[in-house]
Amino acid sequence: MTADSNDPPATEPFVAHGPARRSGSILLVLLIATGIVAVAVWLMTIGRTQAQPYILFVLALLATVGLFNLFALAAGIIRFSDRTSDDPVMGRIADHAHEGLAVTDSRGHVVYSNAAYLTLTGAAGPQDVRPVERVFIGNPDVSEAVFRLLKAAREGKRQQEEVRVAGHEAGQGGGQGRWLRLRVRPLGEGKRDAKYAVWSIADVTRDRERQEDVFQELRHAIEYLDHAPCGFFSVNPAGEIAYVNATLANWLDYDLAEIGSGGLKLTDIVSGDGAALLTSIAAVPGEVKTEVFDIDLRMRGGKTVPVRLYHKLAFGADGAAGASRTLVISRARDEHSDPERAAEVRFMRFFDHTPMAIATVDRGGNVVGANARYAKLAQGLNGDGGAAKSIFRAVNPRDRGLLIAAINQAAEGQGDIAPVEVMLDGPKERFAQFFVTTVEKDERDAETAIVYMLETTERRALENQINQSQKMEMVGQLAGGIAHDFNNVLSAIMMANDFLLNAHKPTDPSFQDIMQIKQNATRAATLVRQLLAFSRRQTLRPQVLDLGDALSDLTMLLRRLIGEKVKLDLVHGRDLWPVKVDVSQFEQVVVNLAVNARDAMPDGGKLIIRTANVSTEEAAQLANKGMPAADYVKIEISDTGTGIPHEIIDKIFEPFFSTKEVGKGTGLGLSTVYGIVKQTGGFVYVDSVPGGGTTFRIYLPRHHQEQEVAPESHAGNGAAKETATADAAKPKPDLTGQGTILLVEDEDGLRSLNARGLRSRGYSVIEAANGVEALEAFEENNGKVDLVVSDVVMPEMDGPTLLKEMRSRNAELKIIFVSGYAEDAFEKSLPENQQFAFLPKPFTLTQLVAAVKETMTAN
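This text gives an overview of the structure that appears in the document.

## A look at the pairing of strand E22 (residues 693-701)
Counting buried positions along E22 yields 7 of 9 residues, so the element is predominantly enclosed. Bridging between strand E20 (residues 632-639) and E22 involves 8 bridges; their strand directions are antiparallel. Looking at E22, one finds that Ser638 is bridged to Thr695. Where strand E21 (residues 683-689) lies against E22, 7 bridges are found, and the strand directions are antiparallel. Looking at the pairing, Val689 lines up with Gly693 of E22.

## Digging into the packing of aromatic side chains
Applying the stated criterion across every chain, the model contains 5 aromatic pairs. The interplanar angle of 55° and the centroid separation of 6.0 Å between the aromatic rings of Phe232 and Tyr243 together place this pair among those described as tilted. Here the residue Phe232 occupies a position in strand E6 (residues 231-235), and Tyr243 occupies one in strand E7 (residues 241-244), the gap between them amounting to 11 residues. Where Tyr632 meets Tyr699, the ring centres are 6.2 Å apart and the plane angle is 80°; that geometry is what we call edge-to-face. One end of the pair, Tyr632, is in strand E20; the other, Tyr699, is in strand E22, and 67 residues separate them in sequence. Taking relative accessible area as the criterion, Tyr699 reaches 4% and is therefore assigned buried. A connected cluster of aromatic rings, assembled from ring pairs, spans Tyr632, Phe683, Tyr685 and Tyr699.

## Some thoughts on the packing of helix H25 (residues 771-780) against helix H26 (residues 799-809)
When two helices pack together, their arrangement is given by the angle between their axes and by how far apart the axes lie. Where H25 contacts H26, the two axes come as close as 10 Å, and the packing angle between them is 15°. Judged by the inter-axis angle, H25 sits roughly parallel to H26. In this structure, the crossing between H25 and H26 has a hand that is right-handed. Counted together, Gly771, Ala774, Leu775, Phe778 and Glu779 of H25 and Leu802, Glu805, Met806 and Arg809 of H26 form the full contact between these two elements. Counted by class, the contact of H25 with H26 contains 5 nonpolar, 1 polar and 3 charged residues.

## Regarding empty space enclosed by the protein
Here the structure, examined in full by the defined rule, presents 5 cavities of 30 Å³ or more. As a volume, the largest cavity reaches approximately 70 Å³. Considering the residues around the largest cavity, the lining is formed by Val581, Asp582, Gln585, Phe586, Val589, Ile676, Val677, Thr680, Ile698 and Leu700. At 3 residues, helix H20 (residues 583-599) tops the list of elements feeding residues into the lining of the largest cavity. The residue makeup of the lining of the largest cavity, split by class, is 7 nonpolar, 2 polar and 1 charged.

## Considerations on the pairing of E21
Burial within E21 is extensive, with 5 of its 7 residues counted as buried. Connecting E21 to the antiparallel partner E22 that follows it, the hairpin turn spans 3 residues, and Gly691 within it adopts a positive phi of roughly 85°.

## A look at the sheet that holds strand E9 (residues 304-314)
Strand order in this open sheet of 5 strands is E7-E6-E10-E9-E8, and the pairing throughout is antiparallel. The strands lining the two open edges of the sheet, one partner per strand, are E7 and strand E8 (288-298). Strand-to-strand twist of the sheet, defined as the mean angle between neighbouring strand axes without regard to direction, takes the value 25°. Where E8 meets E9, 11 bridges bridge the pair, whose relative direction is antiparallel. Residue pairing in the sheet places Asp294 in a bridge with Arg308 of E9.

Rules and cut-offs
Residues numbered from 1 in each chain as written. Predicted model: local features only at pLDDT ≥ 70, side-chain atom pairs only at ≥ 80, totals over all residues. Heavy atoms only, no water. Buried < 20%, exposed > 50% of the residue type's maximum accessible area, 1.4 Å probe, protein only. Helix = DSSP H or I, 4+ residues; strand = E, 2+ residues; numbered from the N terminus. Pairing = 2+ DSSP bridges. Phe/Tyr/Trp six-rings, centres within 6.5 Å; stacked < 30°, edge-to-face > 60°. Axes fitted to C-alpha atoms, helices over the stretch in contact; angles between N-to-C directions. Parallel < 35°, antiparallel > 145°, perpendicular 65-115°, else oblique. Left-handed = near helix turned anticlockwise from the far one by under 90°. Contact = heavy atoms within 4.5 Å. Nonpolar A, V, L, I, M, F, W, Y, C, P; charged D, E, K, R; others polar. 1 Å grid on protein atoms, 1.4 Å probe; cavity = no way out; pocket = protein on both sides within 12 Å on 5 of 7 lines; lining within 4 Å. Points joined across faces, edges and corners; volume = space filled by probe spheres on them.

As C-alpha cells, this is what we get:
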C-alpha cells in the first residue's frame, strides 16, 4: 500500500539547517577527539614517567568525559537531532500531531519523534524511543508487515499496512487489542537507500469497528433479502444474471452457488420472448425507470412459474443502462384465490406468448404498449432500438408509407383495413404482414390502433422455393413433351436418311448432302437428349464405379477442353465410397461444368476438382435445402473466374438461360447437369462470389453393395440397349430375319418408315396406329405374332396397357418398347417381373433391325 495525504510534510521540520547544524557537528568532533587524546596521553605518561598528580587527575577526568560521551552517543542517550528548524510553526504541528511521527536515518536510528509516537509505542520518555521494527519485535504478524515497510523504504517507495496488536504492544496497559495503521515514506521518494524515512503510526481501532458494524449490517441485510418471501434478481446490460436471492433460486430449482459462479443468462430463466420486454425499455439519460411485467419464469426442468416483475433500471447521463433491480412476486396463489386477478394473469400470459407481435400505437406511430414478441422483433431490426419506440421505424423506408396510410385509416375510425405486406428495416432482407385495427373512439387520444404483425420471411422463402420448383417441373414437362415430339420427327428423318444412304453411293453428287442431313439430325438428337436430361426423362444405364478413377480417366480430355491458360488440379479424397451412376452422363456433367469454368476465366486461372466422402452426421450439419442426412460422395468443382451475379444465380439451372453471347451457348449446359444429378438421386448446389470464382458441389448417394440385386431378365433388353447405342456405321453380322412383327406407332410417317425398313430385312410386318388396333390385329391373326414393337405413349391405349392385355393372351410374347422418354417413366406402371426390351428414340434403321434380331433370337 502507499502513503496518503496524512503523511508528514517535507523534511524541513525535522532536520536542522545552517549554523545550528554546523555547531552540533563541531561539538561532537571535539568531544570525541578530547576523549581519545586524553586516554592516549594518560597511557603514555603512566608507561614512561612519574607525572605530577594534578596532571594525572586532569587527564583522567578528560578521558572519563570523552569515554562517557562516546558511550552515550552509541547508546542513544545523547541525540543530536538538530530540532532547530527554519520553520518553527511546522515543527510545532509535527510535535502535536495526533498520529505518531518518527524520522529514521539510513542506519535505522530515530533522529526525531513526536509525543504521539512515544505514546503509541509505549516509550517511557525520549530516552526510551525505539524504531518501529524494535517496537513490535515480539509479534510475528506485525513483524512481517514491518518487514514489507522496511523493504519499500529501501526501494524508495511508499507503503501502508494495518496490523492488530495486543494492548500492551499498543501502549495500553493490557486487555483488548488495538488496530494500528503503519506508514512509511522515504524522503527523496523514488530513490533507493534514501538518507531519511518518515514513519507514522495511527490508532484506527474505531474506524475498524465502524467498518465491522457496517459489514455486519450488510450481511444481515443480504441474509434478509435472500430469505425474503419474494424473489429478487439483478441483470447486467449484457443480459447476464449478476445476482439472484435464495428465494428465487429455490422457486426456479437452481443451486444458489451455481448461479453465483456466473454463466446464467436472463433468457435462461424467462420463458418465451419475455426477456425482450426487460431489455427493450426505452433509455432516458439520467433517469430511473420502473416497469411492471406479468410474465412466466422458467424452472430448471422446463416448467413455468407465473410472476409479476417490478423491474427498476437506472440510466447514466449517456443513456447507458446499468444493472437492474428486479423484484419478483409469485402469481401462483392469485390464480386460485382471486378469479379476477387470475383472469388478468391468463390474459397477460396469452398476450406475451402469442406467436404474433402485437403493439398499440398512437397516430404518430409511437408504440404505447407491446407484447414480448414485438419487443424481441424490434431488437433484431435496425439495432438502435428505434422500432421499440416507433412502429414506423420497423418498416423499410421503401414501404413505410403503406403502414402510415393504414394507421391513418384507423385514426379516422375506418374498419376492415386491408393487411399490409412490407419489407422490414434491418441488415437482412425480412418481410412481415401488418394487420391494423382501430380502437374505440373515446380511447383514440392515447391509442389510435392495435397493430398485429406476422413475420412472413420464411413463408415467402418457402413460396419462392415452391414456385421455383413448380416452374422447373413445368418447364421440365414442357421440355420432355417437346423432346418426345422431336424424337418422333428425328426418328423419321434419320430413318429416311438411312434409306437415302443405302440408295446412293459415296461417288454420287448428292451423297454429301445426305451425309450433312445425317450429321445435323445427330446433332439435333444430342440437343433432345439434353432436354430429356433436364426433365429427368432420359434413359440412364447406371453402373457402380469409383469417382476417383472416373475423373482420372477424364483428365486428358479436360486439359484439352480448358486449354493451357487454365491450370487443372485434381484432389482425390481417400477411400472414396462407390456410387452408382451412368458413366457417360457423369462425364457429361463434369465436362459441362469444366467448360463453363473455362469460359469464366478468359485470362486464365485455376480449376480445382475435389472429391470426398460425406458421412450422415456431416450431411446433417450442412443444412443444404432438400438434402436428407445420408452418406454421400461429394464432387466439388471450383474456379477462380468472374463468378455469377447474385441476381441471376437462382436462374442458372433453367433451360435456355445463358449469359453467353448469341451463338456461343444453348443454355442447356447447367440444366443438363441439374437433370442428370437429380435423376441419379443426387443434389447440386452452387456458391459464387462476383469476381471471386464459383464452386459447384455435387452430392451423389453412396452405393451399398447389399443393394445389388439380380437384374430382371428382360428378354433381349441388355442386347437391345447395347445395340441402340452402337454406332450405325459399324458393320454388323447378318441382320436379316424371318417372322411376323406387330408394329404399333401412332405417327403415321414414322410407322410407315419403320415398317419399310423391317420388310427390307425379310420380316412380315402388321401395322397398327394404337393399342386398340393392335389388339384387333392380334386377334385377327389368332395371336400368331413373333414380336411386338410398340410405342409407349399413344392415344386410347398406351404401351404398358397393351403389354398387359397381350400377355394375358400369350405369356411368352416378346415385346420391344420404343420411346423418347426414359424407360423408368413407364416401367413403374408395369406389373412386376415383366420381360421387355427397350429402344430409345431417335434410332436409325440399323439400330432398329439389330434390336429386333437380338430380341427374336434371345431365349
